[in-house]
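Summary of the model geometry
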Amino acid sequence: MDLSIIIVNYRTYDLTKQTIKSVLDKDHPFIYEIVLVDNASDDGSLEKLKKDFSREEKDGRIRFIINTENKGFAHANNQALKETDSKYVLLLNSDTVIVDDCLERCMEYMEKDKKIGALGCKVLLPDGKLDKACRRSFPTVGVSFYRMTGLSKLFPKSERFGRYNLTYLDENETYDVECIVGAFMMVRSNTIEEVGLLDETFFMYGEDIDWCYRIKAANWKVVYYSDAQIIHYKGGSLNKKEKPKMIYEFYRAMYIFYNKHYRDSYSKTVTVITYLGIWGMYCLKRFINFFR
C-alpha cells in the first residue's frame, strides 16, 4: 500500500461523504486505502456511509473502524495508524475536499526529498482565501503574545510579529515550516515509527502541533507545499451543541502544550503569567460566546 488516508467521522454525514467522494472520484496512479473511523456517531451517519460505500468496502478501498465511545480526535487517528502498513499516511479532516491531483503531487514531492517527515498542502477556505492555520510557527510565549495582543494582525508582513501564521511569507511558494495543520497532514511511516503516535492527552486541538514539534525535534523536515490544494469547510466537523466543550478543549490544548514543551524553559513568573493568559482568554471567549 502506498497511501492510507485516515478520516474521522463524528455526526458529519454529508461532509464526510463529500470528502470520501473527492478521493474516490479521481484516478490515482498509486495504491491507496481509506480508513474511516467513526467516533461513536449517534445520528445514523455511520450506517448511511456504510451503505453508500458498500462496494468500496468490499473491494478493500475503504475500511471502517467503529467506536462505541468518543475518546477524541487523536485517539481515533491512532486506532487507524496502528492498523496501517503504508509508506505514507494522510490525516484528512472530514470537512475537506481534495482538489485535482493533490495527493499525487504531495507524494511525488516527498519522494524527491527523503528528509521530509510531514507535508501539508495549500488549504483554501470555500471563499478562496488561505486557511492561515495551514502554515504556522510553534506557539512560543513570544509568538502567542503577539497573537493575543493583536500585533500579528496589525503587522502581518513583519517577520517578528507575523510569525504565528507566517503571514509575511508568500502563500504560493513552498518552504520548510515549524507546523502544519491536522486537516491535511501527510506523514512518512518511517517518521511515525521514530517519533510515535499522536498524543492522546489532546482531545480535539493541539495534537497536530505537538506531532510537528516531535517530528522537527527528530530532525525531520515539515514542509508547506503550495502546489497542491484542498478546500476546507472549516468548523464543519464541530457540533454546535458541544461548542462550550470545544472552546474548553482549545484552551486546554494550549495549557498541555506549554507544560509539555516550554514550562521548563521559562521562569515561574512567566509560567504563571502564561497560565493566567490562557485561562483568562478562555473565560473571555466563554463570556462572549454566551451573549452571541
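Scroll up to find the structure this text is about.
Calculation rules
Residues numbered from 1 in each chain as written. Predicted model: local features only at pLDDT ≥ 70, side-chain atom pairs only at ≥ 80, totals over all residues. Heavy atoms only, no water. Axes fitted to C-alpha atoms, helices over the stretch in contact; angles between N-to-C directions. Helix = DSSP H or I, 4+ residues; strand = E, 2+ residues; numbered from the N terminus. Parallel < 35°, antiparallel > 145°, perpendicular 65-115°, else oblique. Left-handed = near helix turned anticlockwise from the far one by under 90°. Contact = heavy atoms within 4.5 Å. Nonpolar A, V, L, I, M, F, W, Y, C, P; charged D, E, K, R; others polar. Expected span 1.5 Å × (residues − 1). Buried < 20%, exposed > 50% of the residue type's maximum accessible area, 1.4 Å probe, protein only. Salt bridge = Lys/Arg side-chain N within 4 Å of Asp/Glu carboxyl O.

**Description of the packing of helix α9 (residues 207–217) against helix α10 (residues 243–261)**
- Contact pair α9 / α10: the axes reach a minimum separation of 10 Å and the direction vectors enclose 20°. In terms of orientation, α9 lies roughly parallel with respect to α10. Judged by the twist between their axes, the crossing of α9 over α10 is right-handed. Note on element contacts: α10 touches α9 through Phe257, Lys260 and His261, opposite Ile209, Asp210, Tyr213 and Arg214.
- Residue classes in the contact of α9 with α10 are distributed as three nonpolar, one polar and three charged.

**Structural notes on α10**
- If you check α10, its first and last C-alpha atoms are 27 Å apart, about what 19 residues at 1.5 Å a residue would give, namely 27 Å.
- Looking only at α10, the buried set comprises Met246, Ile247, Glu249, Tyr251, Ala253, Ile256, Phe257, Tyr258, Asn259 and His261.
- Residues of α10 that are buried in the fold lie against α6 (141–148), α9 and α11 (268–290).

**Quick look at the pattern of salt bridges**
- Per the stated rule, a full pass over the model turns up 21 salt bridges.
- When the shortest N-O distance is used, the salt bridge between Asp42 and Arg11 registers 3.0 Å. Of this pair, Asp42 sits in the loop between β2 (32–39) and α2 (45–52) while Arg11 is found in the loop between β1 (3–9) and α1 (13–24), placing the two residues 31 residues apart along the sequence.
- The exposure class assigned to Asp42 is exposed, which follows from its relative accessible area of 58%.
- The shortest N-O distance in the salt bridge between Glu111 and Lys87 comes to 2.8 Å. Taken together, the residues span a long stretch of sequence, with Glu111 in helix α5 (residues 102–112) and Lys87 in the loop between α4 (73–81) and β4 (88–92) at a distance of 24 residues.
- When salt bridges with common partners are traced through the structure, they connect Arg55, Glu56, Asp59 and Arg61 into a single cluster.

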